[in-house]
Amino acid sequence: MKSTFKHFYFLFIILLAAACSSDDSTEIDEDKPTISVNYTAGFPQGCALLSRGETYNFRAMVTDNSELAAYSIDIHHNFDHHTHDDQVTECDLGEIQSPVNPLIYVENFTIEGSLTSYEINIPVTIPTDIDTGDYHCAYSVTDATGWQSRTSIDIKIVE
């Protein structure tokens, strides 16, 4: 009986080891996606002046080595002169001010079709009743494995 138990025990260990073997053919994505507004149609460029009441197409090029999944656009006030660690350009900032009716635009979008490059092109109308002043436009892109990149751009909203 002990001999049969040992045989089953060793057979179990061999099967367990075989089931836990790794598949070396699976590639692990270790590359973050990229995002850029540094091309002719990219918008906004650093220090751009945007007028209230106008509609602008916010455009950026995103790429990934494997597959893109989603992106977001975040436009928020910079009345306190905060910075982001990923800012592209530094601009002359106005006076520090308290927000009364600031523009807050945050939208998330899905990229369909297993693409490795995609041009973001989203029309945004700047409301006529929002506070003028310093703002940030932040783009973020995520790939299918969860890697994320972002870039922030200083802009100014004017009359």
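Residues numbered from 1 in each chain as written. Predicted model: local features only at pLDDT ≥ 70, side-chain atom pairs only at ≥ 80, totals over all residues. Heavy atoms only, no water.

1. Some points on the overall build of the protein
Using the following cut-off: Helix and strand assignments come from DSSP, with helices taken as H or I runs of at least 4 residues and strands as E runs of at least 2, each series counted from the N terminus. Think of it in three bands: with a 1.4 Å probe and only protein chains considered, a residue is buried below 20% of the maximum accessible area for its type, exposed above 50%, and partly exposed in between. By definition in these notes, contact holds between two residues if any of their heavy atoms fall within 4.5 Å. Methods summary: accessible areas were calculated by the Shrake-Rupley approach with a probe of 1.4 Å, and residue burial reflects only the protein chains presented.
Looking only at helices and strands, the protein has 1 helix and 8 strands in total. Listing the helices and strands of the protein from first to last along the sequence gives α-β-β-β-β-β-β-β-β. Evaluated residue by residue, the protein yields a buried proportion of 31% over its 159 residues. Here the contacts in the protein between residues at least 6 apart in sequence split such that 77% fall between residues at least 24 apart. For the protein, the exposed surface amounts to about 9900 Å²; the carbon and sulfur share of it is 54%.

2. Digging into the sheet that holds strand β5 (residues 105-110)
Paired through backbone hydrogen bonds, the strands of a sheet run either parallel or antiparallel to each other. Defined as follows: Any two strands between which DSSP finds at least two bridges are classified as paired. Angles shown run from 0 to 180 degrees and are taken between the N-to-C directions of axes, each axis being a line fitted to C-alpha atoms and, for helices, limited to the stretch in contact.
Within the open sheet, the 5 strands sit side by side as β2-β8-β7-β4-β5. Their pairing is mixed. The open sheet is flanked by β2 (48-51) and β5, the only strands paired with a single partner. Sheet twist, expressed as the mean angle between neighbouring strand axes with direction ignored, is 25°. Bridge analysis of β2 against strand β8 (residues 148-158) gives 4 bridges, and the strand direction is parallel. Along β8, the bridge assignment pairs Leu 49 with Lys 156.

3. Examining the side chain of Ser 149
Rules: Side-chain atoms alone can form a polar contact between residues adjacent in sequence; in general such a contact is a pair of N or O atoms within 3.5 Å, and within protein one must be able to donate a hydrogen while the other accepts it.
Examined against the element boundaries, Ser 149 turns out to sit in strand β8. Here Pro 33 takes part through its backbone oxygen, which lies 2.5 Å from a polar atom of the side chain of Ser 149. Apart from residues lying up to four places away in sequence, Ser 149 is in contact with Lys 32, Pro 33, Ile 35, Tyr 139, Ser 140 and Val 141.

4. Considering the state of the cysteines
Think of a disulfide as a covalent bridge from one cysteine sulfur atom to another cysteine sulfur atom. The condition that has to hold: Throughout, a disulfide means two cysteine sulfur atoms within 2.5 Å of one another.
Taken as a whole and judged by the stated rule, the model has 1 disulfide. Here Cys 47 is linked by a disulfide to Cys 91, with a sulfur-sulfur distance of 1.8 Å. One disulfide, between Cys 47 and Cys 91, carries an S-S torsion of -100° and so falls in the left-handed class. Here the residue Cys 47 occupies a position in the loop between β1 (34-36) and β2, and Cys 91 occupies one in the loop between β4 (68-77) and β5, the gap between them amounting to 44 residues. A relative accessible area of 16% places Cys 91 in the buried class.

5. Some remarks on the sheet that holds strand β6 (residues 117-125)
A sheet is described by the order of its strands in space; here 3 strands give the open sequence β1-β3-β6, paired in antiparallel fashion. The open sheet has two free edges, formed respectively by β1 and β6, since each of these has just one partner strand. With strand direction ignored, the average angle separating the axes of adjacent strands in the sheet is 25°. The sheet contact formed by β1 and strand β3 (residues 55-63) spans 3 bridges and is antiparallel. Across the sheet, Ser 36 pairs through a bridge with Met 61, a residue of β3.

6. Re the packing of aromatic side chains
The condition is simple: Aromatic pairs are defined between Phe, Tyr and Trp rings, using the six-membered ring for Trp, whenever the two ring centres lie within 6.5 Å; interplanar angles under 30 degrees are classed as stacked, those over 60 as edge-to-face, and all others as tilted.
For the structure on display, the rule yields 5 aromatic pairs. Seen in terms of ring centroids, Tyr 71 and Tyr 118 are 5.7 Å apart; in terms of plane orientation they differ by 35°. Their pairing is tilted. Note that Tyr 71 is positioned in strand β4 and Tyr 118 in strand β6, a separation of 47 residues in sequence. Classification of Tyr 71 as buried rests on a relative accessible area of 5%. Exposure remark for Tyr 118: the relative accessible area of 27% places this residue in the partly exposed category.

7. Thoughts on the side chain of Ser 140
In this structure, Ser 140 sits in strand β7 (residues 133-143). Here Ser 140 falls in the buried class, since its relative accessible area comes to 12%. There is a polar contact of 2.9 Å between the side chain of Ser 140 and the side chain of Gln 148. In this view, Ser 140 contacts Ile 35, Ala 70, Tyr 71, Ser 72, Gln 148, Ser 149 and Arg 150; residues no more than four positions away in its chain are not counted.

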